[in-house]
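Breakdown of the fold
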Amino acid sequence: MSTNINMDAFWMPFTANRDFKSQPRIIQRAEGVMYYTNEGQEILDATAGLWCVNAGHGRSEIADAVSQQLRELDYASPFNFGHEIGFEFANRLIRHTPTGLNKVFFANSGSEAVESALKIALQYHKSRGKGGKTKFLGREMAYHGVNFGGISVGGLTPNRTGFGPLLPVDHLPHTLDIANNAFSKGLPEQGIDKAEALEQLIHFHGADSIAAVIIEPMSGAGGVIMPPKGYLKRMREICDQYDILLIFDEVITGWGRLGSAFAAEEFDVVPDMITSAKGITNGVIPLGAVFVKDGIHDQIVNNVAVGGIEFYHGYTYSAHPVACAAGLATLDIYEKEGLLTRASGDIGTHFENQLHSLKDAPKVIDVRNYGLVGAVQFDASVASNGPIGLDFQKGCYKRGVMVRTMGNIVAFSPPLTIETNHIDRLVNVLRETAEEMFG
């Protein structure tokens with residue numbers, strides 16, 4: 001596709017820059033579940049932007065709220081000053097969090113939310129006289145953002161290589177088990193025993209040295225990996241037994257992706273903290289948050305003399321008033337249109353059935369899904385010249401569908417407003433692309 005844009009100055013993130021700039025894919029505008037290129041081609045957004053545009057594109061309600069807020073209060077410092085919309089947004093958010101997680105610490109992104117949660121965990125233990133609890137446990141194939149804390153607890157090798165030394169961290173095994181769980185619909189039946197690795201790591205390092213375990217309830221960027229049945233509950237039990245905090249990274253799973261406001265609600269497991277971003281503002285303006293149990297907040301805040309700063313951490317743009325306005329308008333849409341639970345209904349069932357119809361497509365070795373998120377994994381034999389992800393992504397794009405790829409895995413997380421005809425179109429394009437490449 002041609003473009004007259006000078007692309008030399010922009011060093012693009014997580015992008016094969018030379019490849020992209022030799023054949024750019026330029027998005028001009030967006031509406032509903034569709035993107036439109038600079039050449040006028042309609043592209044079905046099967047990724048909700050980047051797991052974030054849950055209510056669909058071009059929502060006038062959000063645009064109007066942002067415009068009004070810019071005219072009333074464009075910015076105010078969050079350090080020792082406040083604005084009403086920040087408090088209002090926090091109060092609205094905790095209507096949807098699990099019982100007991102009633103404190104909100106604002107950041108600007110998922111990466112910063114993770115960084116904040118890790119620091120909260122350290123501060124909490126130190127304030128209660130257990131300053132030796134400084135280690136973290138993450139999990140293989142996990143993504144927790146790109147800050148140093150996030151790549152330390154994360155389990156994606158390319159994100160970590162070359163950036164050490166990192167924080168003192170060990171990693172649990174991932175839960176992807178194609179041999180036993182291929183083509184699972186919803187949560188896999190096999191694999192609760194993988195949770196026992198947590199207790200083994202605790203015995204190895206010593207419970208008195210471990211501050212927190214951080215996991216994605218469903219791994220996103222690692223390949224859409226579902227937790228086996230009972231796995232998350234067992235993780236909660238072990239953390240309670242050994243006085244270790246449990247942090248759910250719900251930057252992707254939050255705000256309706258799995259059929260509930262949060263995976264914690266969907267799977268009936270309450271962590272000590274939840275990190276959130278992306279869908280919290282429908283991806284319109286960057287904002288992240290950590291939802292924290294009352295007891296953790298109170299331990300930190302009440303352990304410092306009145307007038308003293310209790311937590312030396314924060315960001316210039318924490319609770320940015322314009323981002324909060326976008327977030328409030330987003331919550332209005334979610335609540336009015338029932339989007340936080342839509343994935344658990346008929347549309348989620350149609351998505352599941354259609355996605356699993358690809359079981360007989362060329363070289364497919366697994367299809368997995370939950371709510372309105374899914375993935376198709378191809379046999380490693382197709383990757384003789386390297387992972388097929390980028391080529392597959394290009395193949396779908398030329399057919400008018402945007403997908404997310406990682407290695408030999410193709411992932412989908414469409415806007416929660418998607419309809420059955422869009423899902424049918426997505427699946428047809430996936431099959432056509434697989435047949436062209438491998439058939």
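What counts and what doesn't
Position numbers for residues start from 1 in each chain and track the written sequence from start to end. Reporting of local features is limited, given that this is a predicted model, to residues whose pLDDT is at least 70; pairs of side-chain atoms are given and counted only at 80 or more, and all residues count toward the totals for whole chains, interfaces and linings. Values shown for side chains rest on all heavy atoms present in the structure; no hydrogens or waters enter the calculation. UniProt positions are given in the numbering used here, feature names are shortened, and annotations may be inferred rather than shown by experiment. A pair of strands is considered paired only if DSSP assigns at least 2 bridges between the two. Secondary structure elements follow DSSP: runs of H or I of four or more residues count as helices, runs of E of two or more count as strands, with numbering from the N terminus. The convention used is that axes are lines fitted to C-alpha atoms, helices contributing only their stretch in contact, and that angles between N-to-C directions extend from 0 to 180 degrees. Contacts are assigned to residue pairs with any non-hydrogen atoms lying within 4.5 Å of each other. Residues enter a nonpolar core if they are buried and are Ala, Val, Leu, Ile, Met, Phe, Trp, Tyr or Cys, with the set joined through side-chain atoms within 4.5 Å. Remark: exposure states derive from per-residue accessible area (1.4 Å probe, protein chains only) relative to the maximum for the residue type, with buried under 20%, exposed over 50%, and partly exposed in between. Domain segmentation is taken from an automatic or database assignment of domains. Should a side-chain nitrogen of Lys or Arg be within 4 Å of a carboxyl oxygen of Asp or Glu, the pair is scored as a salt bridge.

- As annotated in an unreviewed UniProt entry, the chain is Beta-alanine--pyruvate transaminase from Amphritea atlantica.
- UniProt, in its Sequence similarities (unreviewed entry) section for the chain, records the words "Belongs to the class-III pyridoxal-phosphate-dependent aminotransferase family."

Topic: the sheet that holds strand E7 (residues 210-215)
- Ordered by their spatial adjacency, 7 strands build an open sheet running E4-E10-E9-E8-E7-E5-E6, and the pairing between neighbours is mixed. If you trace the sheet from one side to the other, it starts and ends with strand E4 (103-107) and strand E6 (169-172), each paired once. When the angles between neighbouring strand axes are averaged without regard to direction, this sheet yields 20°.
- Lying on the sheet, helix H9 (residues 196-205) is in contact with strand E5 (135-139), E6 and E7; it crosses E6 at an angle near 155°.

Quick notes on the environment of methionine 437
- In this fold, methionine 437 is placed in helix H17 (residues 420-438).
- Spatially, the C-alpha atom of methionine 437 lies 8.7 Å from that of proline 362, the residues being 75 residues apart in sequence.
- Excluding its chain neighbours within four sequence positions, the residues that come into contact with methionine 437 are Ile388, Asp391 and Phe392.

Focus on the nonpolar core
- In this structure, Val213, Phe378 and Leu430 are the most contacted members of the largest nonpolar core, which totals 101 residues.
- No other element matches the 10 residues that helix H13 (residues 321-337) contributes to this core.
- Here this core spans two domains, since at least three of its residues come from each of domain 1 (17-54 + 340-438) and domain 2 (63-337).
- Setting aside residues no more than four positions away along its own chain, leucine 430 makes contact with Leu355, Leu358, Phe392, Cys396, Val403, Val410 and Phe412.
- Within the second largest apolar cluster, 21 residues are counted, among which are Phe105, Ala117, Ala121 and Ala211.

Quick notes on the pattern of salt bridges
- Per the counting criterion, the structure on display carries 23 salt bridges.
- With a closest N to O distance of 2.8 Å, lysine 394 and aspartate 19 form a salt bridge. In this pair, lysine 394 sits in helix H16 (residues 389-398) while aspartate 19 sits in helix H1 (residues 17-22), placing the two residues 375 residues apart along the sequence.
- On the accessibility criterion, aspartate 19 (27% relative accessible area) is partly exposed.
- Two residues, arginine 236 and aspartate 272, come together in a salt bridge whose shortest N-O distance is 3.0 Å. Placement of arginine 236 in helix H10 (residues 231-241) and of aspartate 272 in the loop between helix H11 (263-266) and strand E9 (273-276) is noted, with a sequence separation of 36 residues between them. Accessibility classification places arginine 236 together with aspartate 272 in one group, the buried group.

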